Amino acid sequence: MDRYLKTLDTAGDINEERGRAYEETISDVGRFPLTEGLHSITLPTGLGKTLLSASWALKLRNRIGREEGIVPKIIVSLPFLSIIEQTDDVYKKFLGALYEKDKDRLYMPRYSISDFKYRNGIDDEERSDNSVDFFLNIWNTEIIVSTFDQLLYSLFSLKSKHLMRFHNLFNAIIVFDEIQALPSELWKPFEYFFKKLSEVGGTHILLMSATQPGFFPGAIERVPEHEEYFKSLRRVNLHIKPKERSLDDFIENLPDLVDEHSDESMMIVLNTRDSSKSIYKEIKEMIDEKIISERPLIYLSSLVAPSQRTNRILRIKRCIEKGLNPIIVTTQCIEAGVDIDVDHIVRDWAPLDSIFQVCGRCNRNGQKGIGSIEIVKLRSDAERIFSNMVYDGILLDCTEFSMSGNVEIPEERFYSLGSRYFEMVRERLGKSMKVVKAYAQYTHKYDETVVNIKELLRGDERQEQFIISSLDEDLLQDIEKALETKDRWKRRYAVKTISKRIAANSVNIRFEKWMPVRPDDLTTYKIGNFRILDEQFYDEEGVGLDVDLKNPIGGTVMC
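Residues numbered from 1 in each chain as written. Predicted model: local features only at pLDDT ≥ 70, side-chain atom pairs only at ≥ 80, totals over all residues. Heavy atoms only, no water.

A. Examining the sheet that holds strand β3 (residues 107–110) more closely. Ordered by their spatial adjacency, seven strands build an open sheet running β3-β4-β2-β5-β6-β1-β7, and the pairing between neighbours is parallel. Two strands lie at the open edges of the sheet, namely β3 and β7 (220–221), each paired on one side alone. Sheet topology note: the β3/strand β4 (residues 143–147) ladder contains four bridges and is parallel. Opposite M108, over in β4, you have I144 as the bridge partner. (Pairing = 2+ DSSP bridges. Helix = DSSP H or I, 4+ residues; strand = E, 2+ residues; numbered from the N terminus.)

B. Expanded view of the sheet that holds strand β19 (residues 523–527). With mixed pairing, four strands are arranged side by side in an open sheet as β18-β17-β20-β19. Only two strands of the sheet have a single neighbouring strand rather than two, namely β18 (506–509) and β19. Taking the axes of each pair of neighbouring strands and ignoring which way they run, one obtains an average angle of 35° across the sheet. The sheet contact formed by strand β17 (residues 464–467) and β18 spans four bridges and is antiparallel. Paired with F466 across the strands is V507, a residue of β18. (Axes fitted to C-alpha atoms, helices over the stretch in contact; angles between N-to-C directions.)

C. Seen up close, the pattern of salt bridges. This structure, assessed with the given rule, holds 37 salt bridges. Notably, a salt bridge pairs K196 with E199, separated by 3.3 Å at the nearest N-O pair. Of this pair, K196 and E199 both sit in helix α8 (residues 187–201), separated by three residues, roughly a single helical turn. Each of the salt bridges in this network shares a partner with another, and the network as a whole consists of D28, R31, E36 and R222. (Salt bridge = Lys/Arg side-chain N within 4 Å of Asp/Glu carboxyl O.)

D. Focus on the packing of helix α3 (residues 49–68) against helix α4 (residues 81–102). Orientation of α3 relative to α4, taken along the N-to-C sense of each, is 55°, at an axis distance of 11 Å. Classified by the angle their axes make, α3 and α4 are oblique. Relative to α4, the crossing made by α3 is right-handed. In contact with T50, L51, A54 and L58 of α3, α4 contributes T87, V90, Y91 and F94. Residues belonging to the contact of α3 with α4 are distributed by class as follows: six nonpolar, two polar and no charged. (Parallel < 35°, antiparallel > 145°, perpendicular 65-115°, else oblique. Left-handed = near helix turned anticlockwise from the far one by under 90°. Contact = heavy atoms within 4.5 Å. Nonpolar A, V, L, I, M, F, W, Y, C, P; charged D, E, K, R; others polar.)

So, in structure tokens, the structure goes:
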């Protein structure tokens, strides 16, 4: 890690801040008592928390090995696919030759679009599918990068395939990045379990965020005088416009908004996929009709297949580097950890931690004067506030209260406002305590509701998956070949070997019972249980899956 850091560019004021935070934090690793197991690193976005936490964990691992004779696993857990891919790339880069030598025995990523393979770096022996599956499920490696979901399933799921890696959590170093993304219903279960795991299991827990929620009493902040890093920054200003506006009114004023920032890169962040599609299409039409000057226009949301989202993030970076001033229209999937740096952002109303996270995509390196983030409050044609459709009402209420009276908020005030916001949220954790009691009593029920860890983490999981065949021309043939395998276990593993490609080239949609559009309406045909999307509904260059689920296909209803 130290060798890798020397290869990075260290010029500029923000890099001086990164270097100072790194030296101050790392110098403490060899000094604090190992009986202190709960830690936090709180730094503004853009100050290199990924590399800092990796170095901190590796140095703590070496110290524990020397002093206690135990070499702990390092488990890095993150909330979103986009930042997991990014973190995976960072780890492989700094591990370099060590990873090439020891392969998955040293390090492995485990998330929905990671490979179904296991190489131990000792020999080239072809391992059975059963062995690969077993090694991956038990996380048979020294360093692992995975999702909040997969780690918390190891505690709260009732399925054996998840619980079989529970032992990895003992005598480990567990890093939770972007911890503010953990749903508030899980704050108390998280606190109680991981505090006890640290006490009896010898595990060190590190919580990282630019907006530390502070829901873990007893966690010791490892960045000395971390508040000063927030107070010294002058990268962005928040401009709050709390008056409600209709989406139509916002669209009507788009030409003026875009022209006002014609010489800047610009990002518009919406709360729903439908509203983001509407804005993207309006801007595209304005460019096509030359109402506004032509410039790169890029769309991101979960309606776009993961393989394309990754490529689009790379395209955004290239456009910014070349000074092409792209317009990015996106949902909140862009917020935490995605390493892009735009000049101006317009963000629909959201909880305060989400607002602060999106600020980290503006003037990230502090080289553009003062960046500007405009916060608007949009409502639908049905007079519904879009933020109310997506976010917990408690979080929105706490945001309203903590930001009341503020029209413009400079970055140096983010820390104090964030502390006030999270303090109010912590006072309203009644549902979180009900979840704790449900697990403690092993009933998995509260208020006659069964605790579903998947729903608490990701919302309702009842979604249909559609494969976009044009994104991987050989995929359908390979699925058919896998399903033709007669032995059911071999068939299962044959599908797993291509599961990464399936996930990377699919979109998932939830269908409500009242919706006139049904899954079969969007399906060309099925291969086994896999739905192949009718690609008249997929805009490969634009918004991805493009269908209005609230209106019948073709616009008529047959009685």
